[in-house]
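Each chain, written out:
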Amino acid sequence: MLGTGDKSTEFGLVLTNKWELNMSDESNIQALFSKTKYLIVDLLKIQRGETFTSILHTGASLQQQELYKAIHARRVAAENAKTSEVEKNSKIALFDPNDTTIELLKNHIIKNLQILEQHKLVTPTEDYQEVLTSIAKDICNQRKYRLRRKQDLKKMVATVERMNKKKKYYGEAVTYYQEYVKACVKQLIEGQKIE
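What you see is a predicted model; the values in this text were computed from it and never measured. (Residues numbered from 1 in each chain as written. Predicted model: local features only at pLDDT ≥ 70, side-chain atom pairs only at ≥ 80, totals over all residues. Heavy atoms only, no water.)

Where do I start with the overall build of the chain in this structure?
Along the chain, the regular secondary structure elements total seven helices and two strands. Beginning at the N terminus, the succession of helices and strands in the chain can be written as β-β-α-α-α-α-α-α-α. In the chain, which comprises 195 residues, the share counted as buried stands at 22%. Expressed as a percentage of contacts within the chain between residues at least 6 apart in sequence, the contacts between residues at least 24 apart total 68%. Accessible surface, the chain: about 15000 Å² in total, of which carbon and sulfur atoms supply 56%. (Helix = DSSP H or I, 4+ residues; strand = E, 2+ residues; numbered from the N terminus. Buried < 20%, exposed > 50% of the residue type's maximum accessible area, 1.4 Å probe, protein only. Contact = heavy atoms within 4.5 Å. Areas by Shrake-Rupley, 256 points an atom, 1.4 Å probe, with all protein chains shown as cover.)

Here is the structure:
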């Protein structure tokens, strides 16, 4: 709180990450839904089929296994390079480094879908169409998300610039007031010596 006389101004700034997952019950389910979509996209990149359920219950070829291992290894290396240990422990990862085979990935997806089914977010009778529709919407909205991130980044850069200008201004004001106080104290001391 900054004050000048009896006038005071209070500043507050709260920064939140729009994309980091909050850890309340409802948020956990939404996070699980997002993670499951991410895992499904990984699976669909590698394996094709008539229906999503058939893909989940069809074995993977040796070529598909090798392709997944290569993708998995690249992702593990990328995650380890960009994420600190604190960040790894503080948020739900969208990628599980333990899913080293397609079968483990499928088991993970099935387990997540069962939990989502209990919360009535997906239904197996419709071949988990809710998740697939959500993935399709995300793909369609990627451009919008990218533009929004660019706009947010521009706003943040502008905010940082304004804050740096204010920091410089307040730093100069503090320096000026310190010099002023020193000059006043010096005059007081000199005034006492004359008397």
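So, next bit.
In this structure, what is going on with the pattern of salt bridges? I would like to understand it.
Once the charged atoms of two side chains with opposite charge are near each other, the side chains can pair. Here the structure, examined in full by the defined rule, presents three salt bridges. For the salt bridge of Lys37 with Asp138, the shortest nitrogen-to-oxygen distance reads 2.5 Å. Of this pair, Lys37 sits in helix H1 (residues 25-46) while Asp138 is found in helix H6 (residues 129-140), placing the two residues 101 residues apart along the sequence. The partly exposed category is assigned to Asp138, whose relative accessible area is 26%. Here Asp42 and Lys45 are joined by a salt bridge, their closest N and O atoms 4.0 Å apart. In this pair, Asp42 and Lys45 are both assigned in helix H1, three residues apart and thus about one turn of the helix distant. Put simply, Asp42, Lys45 and Arg75 are held in one network by salt bridges that share partners. (Salt bridge = Lys/Arg side-chain N within 4 Å of Asp/Glu carboxyl O.)

Looking at this model, I keep getting lost on the packing of aromatic side chains. Mind explaining?
Each aromatic ring pair is specified by the distance between its two centres and by the angle formed by the two planes. Evaluated as defined, the whole model comprises four aromatic pairs. Judged by centre distance (5.5 Å) and plane angle (65 degrees), the rings of Tyr176 and Tyr177 are edge-to-face. With a centroid separation of 6.5 Å and an interplanar angle of 20 degrees, the aromatic rings of Tyr176 and Tyr180 are classed as stacked. With Tyr176 and Tyr180 both in helix H7 (residues 142-194) and four residues apart, this pair spans about one turn of that helix. Residue Tyr180 is classed as partly exposed on the basis of its relative accessible area, which comes to 47%. (Phe/Tyr/Trp six-rings, centres within 6.5 Å; stacked < 30°, edge-to-face > 60°.)

Would you explain unusual backbone geometry in this entry?
With glycine set apart, most residues show a phi of negative sign, and most peptide bonds adopt trans. If you check the backbone angles, Lys120 has positive phi at about 60 degrees while not being a glycine. Among the structural elements, Lys120 can be located in the loop between helix H5 (102-118) and H6. On the basis of relative accessible area, Lys120 is assigned to the exposed category, the value being 74%.

How should a nonpolar patch on the surface be read in this particular structure?
On the surface, Tyr176, Tyr177, Tyr180, Val181, Val185 and Ile189 cluster together into a nonpolar patch covering about 630 Å² of accessible area. Checked against the element boundaries, Val185 lands in helix H7. Since its relative accessible area comes to 41%, Val185 is described here as partly exposed. (Patch = residues over 30% accessible without salt bridge, like charges linked within 9 Å, V, L, I, M, F, W, Y side chains within 5 Å.)

Can you walk me through the environment of Thr58 in this structure?
Residue placement: Thr58 occurs in the loop between helix H2 (52-56) and helix H3 (62-82). Sequence separation of Thr58 and Glu103 is 45 residues, and the distance between their C-alpha atoms is 9.5 Å. Excluding its chain neighbours within four sequence positions, the residues that come into contact with Thr58 are Gln47, Glu103 and Lys106. At 2.4 Å, the side chain of Thr58 and the backbone oxygen of Ser54 are in polar contact. (Polar contact = N/O pair within 3.5 Å; in protein donor to acceptor, adjacent residues only side chain to side chain.)

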